[in-house]
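Spelled out, the chains give:
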Amino acid sequence: MDAEEGSVTRTQKGDKKGQQTQVVEGRLADMRAVILVCCLLSLLSQSHACPKECSCNANTKVVDCRGRGLYDIPRRLHPDTQELYLQDNRIRGLGSMAFREIPLVRILDLSNNSITSVSPTALLGLRTLQRLSLAYNSLRELDKRLFGPIHSLSHLDVSHNSLWGLSGAMGDNLRNLSHLGLAHNRLTRLDRSLLETLARLDSLTLRSNPWKCDCHLIGLKLWLETYLFKGGAVDEVLCYQPLEMRDRDLQKVPYQLFHACMTTSYHYLFANIHHLESERLLRGHIHGNHAHPSSHALHVPMAMGEGFGGGGGSLPECEPKQRHRPVNLRHAIATVIITGVVCGIVCLMMLAAAVYGCAYAAIMAKYQRELKKNQELAAARAAKLATLDEKEPLENAIA
């Protein structure tokens, strides 16, 4: 009996040890799971944490990385970032999809860096971008595909660079632009087709560019006239070439100084100011310049200065002809409008006179007809009375 009781006791002790071992192993497994979850949460929080080079505001979703000596775009930005400030750094270029981590960004400031190149797909994915500043860099050109994915951009500043031109095709992606900064670059001409697509443009800066005031700049001059007439704001366009026109404001240069250019492409000139002058004057000028339509067809596209790098090669580099007869296009337009109003009033007066004359003639004709009829009736009555008077003595004599 004692032996049996001992074996039972040993068996019970073994079962208890096994249960304790299972409990310990279960707790260890739970601890491992908790540690694993904590590690994953830590990794996730670190992946969207504020970069150590920047300061972040979780409430306003603003990331400020100004003046941190950065050579590249910081990584691990929070995807909800709406404003990113990277000015005053040493960034030298923007690669493809450089801001793919922050697709909701609305304001992007990259001014005062050392950017010399921007990939055509650098802004890919930024569909909500509204303000972009690339000012104070070393950009020489911008690819026409750069702003393709962006349709909400309203403010673009590329001033203080080394841009020598902008593609006209770029305007199709900037239709919502309200401000464009192009000051302090190396622009000698500007494609008018680019400006005409910016229907919502309110302000434009063009100062401190080496503008070449030749035939290729007539398109810009005409566009500025219309733009200012509609209430747009622009600083100044001072001529740099030719030497005799240096520091002259393009807006104040009379069209007579471009006489040779107008002779070369007169048809194109008046086609562009058709919306500013009356149809009668336009038709009169065009009829005087259709003797050689083939020559006009040759020079029309070249007068626009297509592109920005010799697109108007076949148009001669005509120097402005110094004929000082100042003419203000706005005064001419006002004169045409006043003349039209006066002519309209005169036409209305003539129409009123014609209506009055017709009415008077109709009344007089009716009056003459009635008068003649009354005279005829009076004559008939008089004849009848005369007949009666003649018959009365005869009847008395017979009686």
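(A) Inspection of unusual backbone geometry at higher detail. For the bond from Gln241 to Pro242, the omega torsion is -5 degrees, close enough to zero to count as cis. As for its position among the elements, Pro242 is in the loop between β13 (239-241) and α4 (259-264). One non-glycine residue, Asp88, lies in positive phi territory at about 65 degrees. Among the structural elements, Asp88 can be located in the loop between β3 (83-85) and β4 (93-94). For Asp88, a relative accessible area of 40% gives the class partly exposed.

(B) The arrangement of the pattern of salt bridges in detail. Taken as a whole, this structure holds six salt bridges when the rule is applied. The salt bridge partner of Arg175 is Asp172, with a shortest N-O separation of 3.2 Å. In this structure, Arg207 engages Asp235 in a salt bridge whose closest nitrogen and oxygen atoms are separated by 2.9 Å. With Arg207 in the loop between β10 (203-205) and β11 (211-212) and Asp235 in the loop between β12 (233-234) and β13, this residue pair connects regions lying 28 residues apart in the sequence. Taking the relative accessible area as the measure of exposure, Arg207 reaches 34% and is therefore partly exposed. We classify Asp235 as partly exposed; its relative accessible area is 29%.

(C) The arrangement of the sheet that holds β3 in detail. Across the sheet, which stays open at both edges, the nine strands sit in the order β1-β2-β3-β5-β7-β8-β9-β10-β12 with mixed pairing between neighbours. With partners counted over all chains shown, the strands left at the sheet margins are β1 (55-57) and β12, one partner each. Bridge count between strand β5 (residues 107-109) and strand β7 (residues 131-133): three bridges; the pairing is parallel. In the strand pairing of β7, Asp109 is matched with Ser133.

(D) Inspection of the nonpolar core at higher detail. Grouped together as the largest cluster of nonpolar side chains are 59 residues, with contacts concentrated most on Leu84, Leu94, Phe99, Leu110 and Phe147. When contributions to this core are tallied by element, the ones reaching two or more residues are α2 (192-196) and α3 (218-229). The greatest single-element share of this core, amounting to four residues, is contributed by α3. The contacts of Leu110, once residues within four sequence positions are left out, are Ile73, Leu86, Ile91, Leu94, Phe99, Ile115, Ser133, Leu134, Ala135 and Asn137.

(E) Structural context of the packing of aromatic side chains. Within the structure shown, the criterion is met by two aromatic pairs. Relative to Tyr227, the ring of Trp223 lies with its centre 4.6 Å away and its plane at 15 degrees, an arrangement referred to as stacked. One end of the pair is Trp223 and the other is Tyr227, both in helix α3 and four residues apart, which spans about a single turn. Consider the rings of Tyr356 and Tyr360, whose centres lie 6.4 Å apart with planes at 20 degrees: the pair is stacked. Residue Tyr356 and its partner Tyr360 are located together in helix α8 (residues 329-398), separated by four residues, close to a single helical turn. Relative accessible area serves as the criterion here: at 59%, Tyr356 is assigned to the exposed category. Of the residues examined, Tyr360 reaches a relative accessible area of 47% and is grouped as partly exposed. Positioned above the aromatic ring of Tyr85, the side-chain terminus of Arg66 is 5.8 Å from the ring centre. Over the face of the ring belonging to Tyr240 we find Arg246, whose NZ or CZ atom lies 4.1 Å from the ring centre.

(F) Highlighting the confidence of the model for the protein. Of the residues in the protein, 67% reach a pLDDT of 70 or more, and the chain-wide mean stands at 77. In this model, residues 263-269 is a region of pLDDT below 50 whose contacts with residues beyond four sequence positions or in other chains number 20 contacts.

(G) Focus on the state of the cysteines. All told, the structure shown has three disulfides when counted by the stated rule. Bridging Cys50 to Cys56, the disulfide has an S-S length of 1.9 Å. Judged by the torsion about the S-S bond (80 degrees), the Cys50/Cys56 disulfide is right-handed. Note on Cys50: relative accessible area 35%, which makes it partly exposed. Residue Cys56 is classed as partly exposed on the basis of its relative accessible area, which comes to 38%.

(H) Representation of the environment of Cys65 in the model. Among the secondary structure elements, Cys65 is positioned in the loop between β2 (62-64) and β3. Given the relative accessible area of 0%, Cys65 is considered buried. Spatially, the C-alpha atom of Cys65 lies 7.5 Å from that of Gln87, the residues being 22 residues apart in sequence. For Cys65, the residues in contact, after removing those within four places along its chain, are Cys54, Leu70, Pro74, Leu84, Tyr85, Leu86, Gln87 and Asn89.

Cut-offs and rules
Residues numbered from 1 in each chain as written. Predicted model: local features only at pLDDT ≥ 70, side-chain atom pairs only at ≥ 80, totals over all residues. Heavy atoms only, no water. Helix = DSSP H or I, 4+ residues; strand = E, 2+ residues; numbered from the N terminus. Buried < 20%, exposed > 50% of the residue type's maximum accessible area, 1.4 Å probe, protein only. Salt bridge = Lys/Arg side-chain N within 4 Å of Asp/Glu carboxyl O. Pairing = 2+ DSSP bridges. Core = buried A, V, L, I, M, F, W, Y, C linked by side-chain atoms within 4.5 Å. Contact = heavy atoms within 4.5 Å. Phe/Tyr/Trp six-rings, centres within 6.5 Å; stacked < 30°, edge-to-face > 60°. Lys NZ or Arg CZ within 6 Å of the ring centre and 35° of its normal. pLDDT = per-residue confidence, 0-100. Disulfide = S-S within 2.5 Å.

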